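Structural characterization, general
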Amino acid sequence: IARRRGERRVLLSWAACPASAPDAAIWRPGRPMGVAAEAGEPAAFSRAMGVVYPGIAPNLLVKKADLKEEAGLVRAMARAFGAEPIRLPAPGLIPPRPEGGQITIVTAMKNEGPFLLDWIAHNRAIGIDRHLVYTNDCADGTDRLLDCLAAAGVTRRDNPYRTTGKVPQYAAFRAAEDEQAVAGADWLLTLDVDEYINIHVGEGRITDLLNAVPQAHALSMPWRMFGNADAHRYDDIPVTRAFTRCAPAFAPRPLQAWAFKTLYRNAGLFRRLGVHRPKGLVPAYQDALHWVDAGGRVLPHAVRAR
């Protein structure tokens, strides 16, 4: 009782009764020939398909988020079988955005000591409230420095990747879901220590960015690729002053220049954290979700539904 969202194909079906055709009728593949048309109302045709494959659950073959309930099919099935069909999840209502909501960054680190304070200070200056950092195999004191910042809104955890079988980044994101720094946040963002948020509205703070797109529930910020600016040794200066040479605003190559990071509402809209964007959009919020790029333009459905 659902059709694929955004379906543009025109589906046609032909049917004919060979016994009613004259003996000299010629039949061609694709459409019937030799049968006279009859006056009358055209018959409605609905295509039915059961998604079944031995040993595989239907939700692995087609995502519910890709389907949209079709009212005509619901009525047709009710007439044909005398009962209501199993319905898709009812659309969900997304609660209003909180004023001045708490923002948490989740990340994984290994041996980032020289750049750690600069990155956290930058994020705090633009309005990030908390950092949840998972570390593994540090030999330069990154873990100890993070522990010293506990009173400043930084939570460090040992990365459980060895016990989960996942790579450190994915293991960190799965473990983070049970942390208060994530559960209690209004907005979430996964960010690496070499990624700096650059805001072009207002005073350059996160609140300025969110106020510029008041209806947004998720906001994807594109990467700007930077080189090493011919620096071959470490200088104790801010990263934003040390590395100033970057790709143009429009960089069709390399492919990485098209990547982005996503700040999103922590309101049960998605099932889990992702490297570049939240994963597992809950189908009930598919139509209500307002997901924009950093310029405030709504992202195509194909990007959102992945």
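Whatever comes next refers back to the structure up there.
Fair warning: this is a prediction, and the values are worked out from it, not measured in the lab.

Calculation criteria
As a convention, each chain's residues are numbered from 1 in the sequence order in which they are written. Two thresholds apply to this predicted model, a pLDDT of at least 70 for residue-level local features and 80 or more for giving and counting side-chain atom pairs, whereas whole-chain, interface and lining totals are computed over all residues. The basis for every side-chain value is the complete set of non-hydrogen atoms in the structure, without hydrogens or water. By the criteria applied, helices consist of DSSP H or I runs no shorter than four residues and strands consist of E runs no shorter than two, each listed in order from the N terminus. Classification of residues uses two cut-offs on accessible area relative to the type maximum, computed with a 1.4 Å probe and protein chains only: under 20% is buried, over 50% is exposed, and between them is partly exposed. Note on definitions: a residue-residue contact is assigned when non-hydrogen atoms from the two residues lie within 4.5 Å. Only the protein chains shown count as cover for residues, and all accessible areas are computed by the Shrake-Rupley method using a 1.4 Å probe. Residues adjacent in sequence count toward polar contacts only when both atoms are side-chain atoms; beyond that, a polar contact is any pair of N or O atoms within 3.5 Å, and within protein one must be able to donate a hydrogen and the other to accept it. Any two strands between which DSSP finds at least two bridges are classified as paired. The convention used is that axes are lines fitted to C-alpha atoms, helices contributing only their stretch in contact, and that angles between N-to-C directions extend from 0 to 180 degrees. Salt bridge, as applied in this entry: a Lys or Arg side-chain nitrogen positioned within 4 Å of an Asp or Glu carboxyl oxygen. Classification of ring pairs uses Phe, Tyr and Trp, with its six-membered ring standing for Trp, and accepts pairs whose centres are within 6.5 Å; under 30 degrees between planes counts as stacked, over 60 as edge-to-face, and the remaining range as tilted.

Moving on, we come to the overall build of the protein. The helix and strand tally for the protein stands at 10 helices and 11 strands. Counting the 306 residues in the protein, one finds 33% classified as buried. When contacts within the protein are restricted to residue pairs at least 6 apart in sequence, long-range pairs at least 24 apart make up 65% of them. Total accessible area on the protein is roughly 19600 Å²; 54% of this is exposed by carbon and sulfur atoms.

Moving on, we come to the side chain of Asn159. Among the structural elements, Asn159 can be located in the loop between β5 (154-158) and α5 (161-164). The exposure class assigned to Asn159 is buried, which follows from its relative accessible area of 9%. One polar contact links the side chain of Asn159 to the main-chain amide nitrogen of Tyr161, over a distance of 3.1 Å. Excluding residues that lie within four positions of it along the chain, Asn159 makes contacts with Ala108, Tyr134, Thr135, Asn136, Pro168, Ala171 and Ala172.

Most of strand β3 (residues 103-109) sits out of view: six of its seven residues are buried. Both β3 and strand β6 (residues 187-190) contribute to a ladder of four bridges, which runs parallel. Along β6, the bridge assignment pairs Ile105 with Leu189. Two elements, β3 and strand β4 (residues 130-135), share six bridges in a ladder whose sense is parallel.

Strand order in the open sheet made by the seven strands is β5-β4-β3-β6-β8-β7-β11, with mixed pairing throughout. Two strands lie at the open edges of the sheet, namely β5 and β11 (291-293), each paired on one side alone. In this sheet, adjacent strand axes meet at a mean angle of 20 degrees when their direction is disregarded. Strands β3, β4 and β5 of the sheet are contacted by helix α3 (residues 113-126), whose axis makes an angle of about 165 degrees with β3. The strands that helix α6 (residues 168-176) touches are β3, β4 and β6; relative to β3, the one it contacts most, it runs at about 145 degrees.

Looking now at unusual backbone geometry. The linkage connecting Arg253 with the following residue, Pro254, adopts the cis geometry, with an omega of 0 degrees. Locating Pro254 in the fold gives a position in the loop between α9 (239-242) and β8 (260-265). Its identity as a non-glycine residue notwithstanding, Ala229 has a phi of 55 degrees, on the positive side. Within the secondary structure, Ala229 sits in the loop between β7 (218-222) and α9. For Ala229, a relative accessible area of 21% corresponds to the partly exposed category. Positioned with a positive phi, Asp230 is a non-glycine residue whose angle comes to about 60 degrees. For Asp230, the location among the structural elements is in the loop between β7 and α9.

Turning to the pattern of salt bridges, a few remarks are in order. One pass over the structure, following the stated rule, counts 10 salt bridges. Note that Arg156 and Asp158 form a salt bridge whose closest N and O atoms lie 2.8 Å from each other. For Asp158, a relative accessible area of 56% gives the class exposed. A salt bridge links Glu195 to Lys261, with the nearest nitrogen and oxygen atoms 2.7 Å apart. Separated by 66 residues along the polypeptide, Glu195 in the loop between β6 and α8 (206-212) and Lys261 in strand β8 bring together distant segments of the chain. The class of Lys261 is buried, set by a relative accessible area of 4%.

Another aspect to go through is the packing of aromatic side chains. Applying the stated rule across the entire model yields four aromatic pairs. Here the aromatic rings of Phe115 and Tyr234 are separated by 5.7 Å at their centres, their planes lie at 85 degrees, and the arrangement is edge-to-face. One end of the pair, Phe115, is in helix α3; the other, Tyr234, is in the loop between β7 and α9, and 119 residues separate them in sequence. For Phe115, a relative accessible area of 30% translates into the label partly exposed. Exposure remark for Tyr234: the relative accessible area of 42% places this residue in the partly exposed category. On the basis of an interplanar angle of 80 degrees and a centroid distance of 6.1 Å, the ring pair of Phe250 and Trp258 is categorised as edge-to-face. Here a set of aromatic residues connected by ring pairs shows up, and it is made of Tyr264, Phe270 and Trp291.

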